[in-house]
Amino acid sequence: MRTLEDQHRLLDELLSMARQRKSAGETEWMEFKTNIGESHRSITYEGVGNYISGLANSACLKYKSHGYLVLGVEDGSWKVVGTNLRMPSTKYGNQDYELWLRKNCSPIIPFDIEEFDYNGDSNLHVVIFEIQAAAGEPVNFKGISYVRIGSNLTKLKDFPDYIRQIYLSQKDWSAEIVDGATLDDLDPEAILKARELYATKHEKLAEEMNTWDDETFLNKAKITLKGKITNTAVLLLGRSESEYLISPAVARIRWIYKDSTGNERDFSIETCPLILAAEKVYHKIRNFKYRYMNPTLLSLVPEELDTYDPFIIREALNNAIAHQNYRCNGMINVVEEEDRLIFSNLGSFIPNSIRSVLENDAPEENYRNKMLANAMVELGQVDTIGSGIRRMFNKQRDRLFPMPDYDISENRVKVTIIGKVVDIDYAMLLTRDKSLSLLEIEMLSRVQLHRPLSNDEIAYLRKRKLVEGRKNALYFAKSVAKATGQKAEYTRNKGFDDNYYKDLIIKALEQHGKMTRPEINDLLLSKLPDALTEQQKLSKIGNLLTTLRKGGRIVSGKNKKWMLK
């Protein structure tokens with residue numbers, strides 16, 4: 001926290017810079033607002049978070065160390081007018097506002113809050129957010145990255161060149177030299193494993209490689225730099241006791257096995273060398289045989305196969321190693337459940353979305369750990385970003401299993417691989433309609449898994465006549481149902497015409513005279529569409545009763561019992 005004198009000096013410097021740019025208004029890395037509110041000169045509570053993202057990214061693009069959001073200054077005139085925001089006591093919902101802001105910024109970036117009364121006048125209260133520039137990856141707020149273009153705040157995803165520039169703004173952590181480290185800090189067994197992998201990937205160099213000493217080999221495999229030990233070398237090949245050399249970064253993979261009830265039954269933590277740790281984790285995974293029980297599928301796929309394709313396990317695990325944000329000082333996790341594997345690593349998903357990976361054939365140009373990724377490509381551990389992921393999707397498609405499910409929220413990447421047929425009709429659709437693109441199959445996979453889709457994705461699937469139903473209760477469309485023998489399922493999801501349910505109510509009242517609302521609920525709940533939640537079903541029953549009452553068919557008498565009018 002600055003002294004009061006330094007706080008005044010900072011504000012005066014920012015105001016001076018703004019006044020010098022009268023023709024352009026604020027710089028892209030500065031913004032002035034008055035109060036928290038809804039007027040055009042004010043900013044909302046969430047808007048502050050959006051500006052923290054936008055100013056951090058814009059500061060990076062303008063080669064500034066910090067961006068600044070100033071509250072209590074009039075936009076355009078840059079006159080100090082005071083703000084209604086008081087940070088120490090401000091709450092957002094039930095949370096401390098500052099804590100809420102920091103929790104929703106990803107990756108976590110430092111920002112300081114300078115708060116004071118200008119010239120000692122409590123009516124001229126000023127709050128300055130001093131925001132560290134983004135470095136190495138865009139800053140997002142609640143999952144969305146912003147940027148200032150002129151005086152406008154807009155979404156960064158619309159400016160791929162700016163995204164690329166931000167990724168290139170930070171030195172590659174994985175290429176940094178580890179002071180004092182030597183070849184003696186590397187594990188001989190791990191080096192032999194690296195030679196084996198290199199020879200397999202570069203068959204033409206295998207014989208020549210046998211003449212290289214370790215220093216020459218490590219340089220050519222892009223693991224060391226001119227004989228100097230890098231963070232990449234320690235991660236992949238370091239002795240277990242060498243992990244401290246890259247502290248506070250963590251070189252560990254945690255494997256957890258959970259039974260069908262979700263209880264942890266087994267676990268292990270493997271440290272560097274990660275080239276051997278990955279193999280240990282791979283062999284811990286219980287990759288049992290999977291048998292297709294539905295006879296209609298046996299002619300389309302092998303009758304028996306591994307639950308998980310070995311390529312998928314290795315690709316997902318090695319991707320987590322290659323793209324972990326080691327500056328976050330956390331472990332890579334592999335969770336094995338009864339019918340799925342869950343891989344997670346810290347850091348944002350650099351291609352921004354799975355859609356961009358599935359749509360574009362070109363490999364990703366941006367890497368968080370460029371040297372580490374290149375070394376793992378040289379050793380054949382991973383494909384370039386994009387191609388390996390598409391191959392994982394295609395292998396799941398060939399098995400008729402759900403697509404890999406990516407969760408890229410909260411500054412981490414979590415991918416779930418399901419090792420079974422979840423919906424037999426979805427599987428049949430994959431076998432019958434070969435024209436479906438990977439992107440379409442990925443969206444349909446989320447439909448069967450009841451995972452969220454965007455409004456645009458839903459609109460696209462509806463236009464293709466692949467799905468029907470409400471946003472939160474989608475199901476395969478009638479045309480798809482016919483093609484997959486899913487007619488009964490379609491009827492359960494779609495339900496019947498409202499007149500059908502009204503007739504049931506009338507006939508029940510004719511038979512019983514009077515019925516309570518719970519009795520009517522019991523009559524209809526099991527007959528309403530399966531796609532509706534219980535609350536949606538109850539709401540629909542209420543609407544049916546209201547319609548019948550307004551139509552003069554039924555009335556509500558004493559004790560809230562319904563009867564014919």
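Residues numbered from 1 in each chain as written. Predicted model: local features only at pLDDT ≥ 70, side-chain atom pairs only at ≥ 80, totals over all residues. Heavy atoms only, no water.

Draft legend 1. Highlighting the overall build of the chain. Summing up its helical and strand segments, the chain has 21 helices and 23 strands in all. Residues counted as buried form 51% of the 565 residues belonging to the chain. Considering only contacts in the chain between residues 6 or more positions apart, those separated by 24 or more positions represent 62%. Summed over its atoms, the accessible surface of the chain is roughly 28000 Å², and 47% of this surface lies on carbon and sulfur atoms. Of the side-chain charges in the chain, 81 are positive and 79 negative, and the distance between the mean point of each set is 9 Å. (Helix = DSSP H or I, 4+ residues; strand = E, 2+ residues; numbered from the N terminus. Buried < 20%, exposed > 50% of the residue type's maximum accessible area, 1.4 Å probe, protein only. Contact = heavy atoms within 4.5 Å. Areas by Shrake-Rupley, 256 points an atom, 1.4 Å probe, with all protein chains shown as cover. Lys, Arg positive; Asp, Glu negative; His and termini not counted. Charge placed at Lys NZ, Arg CZ, Asp CG, Glu CD.)

Draft legend 2. Highlighting the sheet that holds strand S9 (residues 144-149). If you walk across this open sheet you meet the four strands as S5-S8-S9-S10, and the pairing is antiparallel. The two strands at the open ends of the sheet, each matched to only one other strand, are strand S5 (105-106) and strand S10 (152-155). With two bridges connecting them, S5 and strand S8 (residues 140-141) associate as antiparallel partners. Paired with Ser106 across the bridge in S8 is Asn140. (Pairing = 2+ DSSP bridges.)

Draft legend 3. Summary view of the nonpolar core. Among the nonpolar cores identified, the biggest contains 95 residues, and Leu237, Ile253, Tyr326, Phe343, Tyr406 and Leu444 are the most heavily contacted of them. No other element matches helix H10 (residues 310-323), which puts eight residues into this core. Residues within four places of Tyr406 in sequence aside, it is in contact with Phe349, Ile354, Ile389, Met392, Phe393, Val413, Lys414, Val415 and Arg451. Of all hydrophobic cores here, the second largest spans 51 residues; its members include Ile52, Tyr68, Cys105 and Val147. (Core = buried A, V, L, I, M, F, W, Y, C linked by side-chain atoms within 4.5 Å.)

Draft legend 4. Main features of the packing of helix H5 (residues 188-201) against helix H9 (residues 274-284). For the pair H5 and H9, the least separation of the axes is 9 Å and the interaxial angle reads 80°. By the angle between their axes, H5 is roughly perpendicular relative to H9. Across the interface between the two elements, Glu189, Ala190, Lys193, Ala194 and Leu197 from H5 touch Ile275, Leu276 and Glu279 from H9. Per-class residue counts for the contact of H5 with H9 are five nonpolar, no polar and three charged. (Axes fitted to C-alpha atoms, helices over the stretch in contact; angles between N-to-C directions. Parallel < 35°, antiparallel > 145°, perpendicular 65-115°, else oblique. Nonpolar A, V, L, I, M, F, W, Y, C, P; charged D, E, K, R; others polar.)

Draft legend 5. Structural context of the environment of Val147. With respect to the helices and strands, Val147 occurs in strand S9. Residue classification places Val147 among the buried residues on the basis of a relative accessible area of 1%. The spacing of Val147 and Gly542 is 395 residues in sequence and 47 Å in space, taken between C-alpha atoms. Each residue touching Val147, except ones within four places of it in the same chain, is listed here: Gly54, Ser58, Leu61, Asn152, Leu153, Thr154, Leu156 and Phe159.

Draft legend 6. The arrangement of the state of the cysteines in detail. Taken as a whole, this structure holds zero disulfides when the rule is applied. Unpaired in terms of disulfides, Cys60 finds its nearest cysteine sulfur in Cys105, a separation of 15 Å. There is no disulfide at Cys272, and the cysteine sulfur nearest it, in Cys328, is 18 Å away. (Disulfide = S-S within 2.5 Å.)

Draft legend 7. Spotlight on the pattern of salt bridges. In this structure the tally under the stated criterion is 30 salt bridges. In this structure, Lys193 and Glu196 form a salt bridge, with 3.6 Å as the shortest nitrogen-oxygen distance. Of the two residues, Lys193 and Glu196 both sit in helix H5, three residues apart, roughly one turn of that helix. By relative accessible area, Lys193 is classed as buried at 19%. Looking at Glu196, the relative accessible area reads 47%, which means it is partly exposed. Three or more residues are tied together by salt bridges with common partners; here these are Arg2, Glu114 and Glu130. (Salt bridge = Lys/Arg side-chain N within 4 Å of Asp/Glu carboxyl O.)

Draft legend 8. Focus on unusual backbone geometry. The omega torsion across Ser106 and Pro107 is -5°, close enough to zero to call that bond cis. Topologically, Pro107 is positioned in the loop between S5 and strand S6 (111-117). With a phi angle near 65°, Lys222 is a residue other than glycine that sits in the positive phi range. Within the element layout of this structure, Lys222 appears in the loop between helix H7 (214-220) and helix H8 (231-237). Unusually for a residue other than glycine, Leu400 sits at a positive phi of about 70°. Locating Leu400 in the fold gives a position in the loop between helix H13 (387-399) and strand S17 (405-407).

Draft legend 9. Inspection of the side chain of Glu336 at higher detail. In this fold, Glu336 is placed in strand S15 (residues 332-336). A polar contact of 3.2 Å, which involves the side chain of Glu336, links it to the side chain of Trp255. Setting aside its immediate chain neighbours within four residues, Glu336 contacts Trp255, Ile256, Tyr257, Lys258, Lys284, Ile285, Arg286 and Leu341. (Polar contact = N/O pair within 3.5 Å; in protein donor to acceptor, adjacent residues only side chain to side chain.)

Draft legend 10. Fine view of the packing of aromatic side chains. With the rule as written, the count across this model stands at 15 aromatic pairs. A ring pair is formed by Phe159 and Tyr162, whose centres lie 5.5 Å apart and whose planes are at 20°; its orientation type is stacked. Of the residues examined, Phe159 reaches a relative accessible area of 28% and is grouped as partly exposed. An aromatic cluster of at least three residues, connected via ring pairs, comprises Tyr45, Tyr92, Tyr97, Trp100 and Phe141. Over the ring of Trp212 we find Lys220; its NZ or CZ atom is 5.2 Å from the centre of that ring. The side chain of Arg286 reaches across the aromatic face of Tyr257, ending 3.9 Å from its centre. (Phe/Tyr/Trp six-rings, centres within 6.5 Å; stacked < 30°, edge-to-face > 60°. Lys NZ or Arg CZ within 6 Å of the ring centre and 35° of its normal.)

Draft legend 11. Quick peek at the sheet that holds strand S2 (residues 66-71). Read from one edge to the other, the open sheet built from four strands follows the order S1-S2-S7-S6, with strand pairing classed as mixed. Edge strands, defined here as strands with exactly one partner in the open sheet, are strand S1 (30-33) and S6. Between one strand axis and the next, the sheet turns through 15° on average, direction left out of account. One ladder, built from seven bridges, connects S6 with strand S7 (residues 125-132); its direction is antiparallel. Considered in S7, the bridge of Phe116 is made with Val126. Here helix H1 (residues 4-19) sits on the sheet in contact with S1, S2, S6 and S7, set at roughly 100° to S6.

Draft legend 12. Representation of helix H20 (residues 517-524) in the model. Among all positions of H20, only Ile520, Asn521 and Leu524 are buried. End-on, the buried residues of H20 take up no more than an arc of 105°, which puts them together on one face. When the buried face of H20 is taken as reference, the exposed residues oriented beyond 90 degrees from it are Pro518 and Asp522. (Arc of directions from axis to C-beta.)

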